[in-house]
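# Report on the structure
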Amino acid sequence: MQRLDFLTFNADFSSPQILAAYDELPLWSAMFGLLLLEEVPLANVGRALDVGCGTGFPLIELAERLGVTADVHGIDPWTAGLERARQKIAARATPNVTIHEGSAMAMPFDDGHFDLIVSNLGVNNFDDRAGAMRECRRVARDGATIALTTNLQGHMREFYDAFAEAVADDAEALRRLETHIAHRATIPGVRQFLQEHGFEVRRIVEREGVMRFANGDALLNHHFIKLGFLDAWKEVAADNAPEIFKRLLERLTGKVRLTIPMAYIEGMAT
Ligand SMILES: C[S@@+](CC[C@H](N)C(=O)[O-])C[C@H]1O[C@@H](n2cnc3c(N)ncnc32)[C@H](O)[C@@H]1O
């Protein structure tokens, strides 16, 4: 099939709609999503699903990279996030993507429907990740690909080493910190999780990302750090938060370089 619509595309950088979709992605999501987009198989995909598509990433990008012959769906319960995704789809005029508001635990798709399921920083962090993975296997056809990205244990270890020092004399906070650190994924854990739910792991690609800050003050006041991480850190510190964060800042006076171990994990529905 040949479509020559692109020949009439007008790159209008003054269009509010195009500008709204231009700056579209948290750098955090991008680190993992770029890894996914480099590795995910794009051949022979008729129907694809992005589980936990949020504001439309990697959903819309994937739909465009697969091309219009692929029918691409995204699901997420986040109403406001999906509204933003719809705005981007309209701005980009991406024709082959459909959004569903709902949970991965009960998806509105037939059994064996999809050739490809992706989830960027998604499914293995959901509250009921086993329920979500059962549903992924149900809607995947036999032989379908599942491609997940996740951060791994060792995530931000430089920060957590300083955190452990800051709570060293508070046994309860130290215990909470250890539990918090241990909840991160490991390669053997994700492999077993996929295998338990009917996906044989075929390929794993590991990569290390980096986030740098001038000092701890910049780190703790960074917008996305506050949005994505600070609440969990405050729960670790609990009532002692002012004192613990003061000690943390004393330990993070110079440059802060955070290591972000990441993995792309690809499985096949067996
Ligand atoms: C860390 S965000 C990742 C979003 C997006 N994939 C990205 O890369 O920016 C996790 C996403 O999972 C969604 N989520 C949480 N629980 C879910 C569920 N039960 N079913 C589907 N999505 C869920 C959240 O609303 C959020 O959009």
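Here, every reference points to the structure presented above.
Below you will find a few notes about this structure. (Residues numbered from 1 in each chain as written. Predicted model: local features only at pLDDT ≥ 70, side-chain atom pairs only at ≥ 80, totals over all residues. Heavy atoms only, no water.)

### Focus on the overall build of the protein chain
Spelled out, the test is: Put simply, DSSP H or I for four residues or longer makes a helix, DSSP E for two residues or longer makes a strand, and each gets a number counted from the N terminus. Between the two quantities, the radius of gyration covers C-alpha atoms and the globule rule is 2.2 Å times the number of residues to the power 0.38. Summary of the burial criterion: residues with accessible area below 20% of their type's maximum are buried, those above 50% are exposed, and those between are partly exposed, where the area comes from a 1.4 Å probe applied to protein chains only. Throughout, a contact is declared for two residues whenever any of their heavy atoms are within 4.5 Å. Methods summary: accessible areas were calculated by the Shrake-Rupley approach with a probe of 1.4 Å, and residue burial reflects only the protein chains presented. None of His or the chain ends enter the tally, which takes Lys and Arg as positive and Asp and Glu as negative. Taken as the charge centre is NZ of Lys, CZ of Arg, CG of Asp or CD of Glu, depending on the residue.
A tally of helices and strands in the protein chain yields twelve helices and seven strands. Here the C-alpha radius of gyration of the protein chain, 20 Å, is about what a compact globule of 270 residues would show, namely 18 Å. A burial count over the protein chain gives 48% of its 270 residues as buried. Relative to all contacts within the protein chain whose residues are 6 or more apart in sequence, the contacts with residues 24 or more apart total 83%. Accessible area for the protein chain stands at about 13,500 Å²; split by element, carbon and sulfur atoms hold 51% of it. Of the charged side chains in the protein chain, 28 are positive and 38 negative, and the gap between their average positions amounts to 3 Å.

### Overview of the site of the ligand
Stated precisely, the cut-off is as follows: When we say a residue is near a molecule or strand, we mean one of its heavy atoms is within 4 Å of it. In the analysis that follows, any N or O atom pair within 3.5 Å is treated as a polar contact, provided that within protein one partner can donate a hydrogen and the other can accept it, and provided that, for residues neighboring in sequence, both atoms belong to side chains.
Around the ligand, a shell composed of 13 residues is seen, among which Ser29, Gly52, Asp76, Ala104 and Asn120 lie nearest. At a separation of 3.0 Å, a nitrogen atom of the ligand approaches a polar backbone atom of phenylalanine 57. Alanine 104 is positioned with one of its backbone polar atoms (N or O) 2.8 Å from a nitrogen atom of the ligand.

### Section: the environment of leucine 59
Inspection of the secondary structure assignment puts leucine 59 in helix H3 (residues 59–66). On the basis of relative accessible area, leucine 59 is assigned to the buried category, the value being 0%. Spatially, the C-alpha atoms of leucine 59 and alanine 85 are 8.9 Å apart, while their sequence positions differ by 26 residues. Excluding anything up to four places from it in sequence, leucine 59 contacts Asp50, Cys53, Val72, His73, Gly74, Val97 and Ile99.

### Quick word on the pairing of strand E2 (residues 71–76)
Short version of the rule: Being paired, for any two strands, means DSSP has found at least two bridges between them. Whether a crossover is right-handed comes down to one check: with the strands pointing away from the viewer, does the path from the first strand over the helix to the second run clockwise; if it does, it is right-handed.
For E2, the buried fraction is high: five of the six residues fall into the buried class. Two elements, strand E1 (residues 47–51) and E2, share five bridges in a ladder whose sense is parallel. Bridge pairing in E2 places alanine 48 opposite valine 72. Note that the unit made of E1, H3 and E2 has a crossover that is right-handed. Relative to strand E3 (residues 97–101), E2 runs parallel, the two being bridged by five bridges. Of the residues in E3, the one forming a bridge with valine 72 is valine 97. Note that the unit made of E2, helix H4 (residues 79–92) and E3 has a crossover that is right-handed.

### A word on the sheet that holds strand E6 (residues 199–213)
The cut-off we apply is this: Axis geometry follows a simple rule: fit a line to the C-alpha atoms, using only the stretch in contact for helices, then measure angles between N-to-C directions, giving values from 0 to 180 degrees.
Pairing is mixed in the open sheet, where seven strands are placed in the order E3-E2-E1-E4-E5-E7-E6. Across the chains shown, the open sheet's two edge strands, defined by having one partner strand only, are E3 and E6. Adjacent strand axes in the sheet meet at a mean angle of 15°, parallel and antiparallel pairs treated alike. Those strands touched by H4 are E2 and E3, and its axis lies near 165° from that of E3.

Keep in mind these numbers describe shape, not what the thing actually does.
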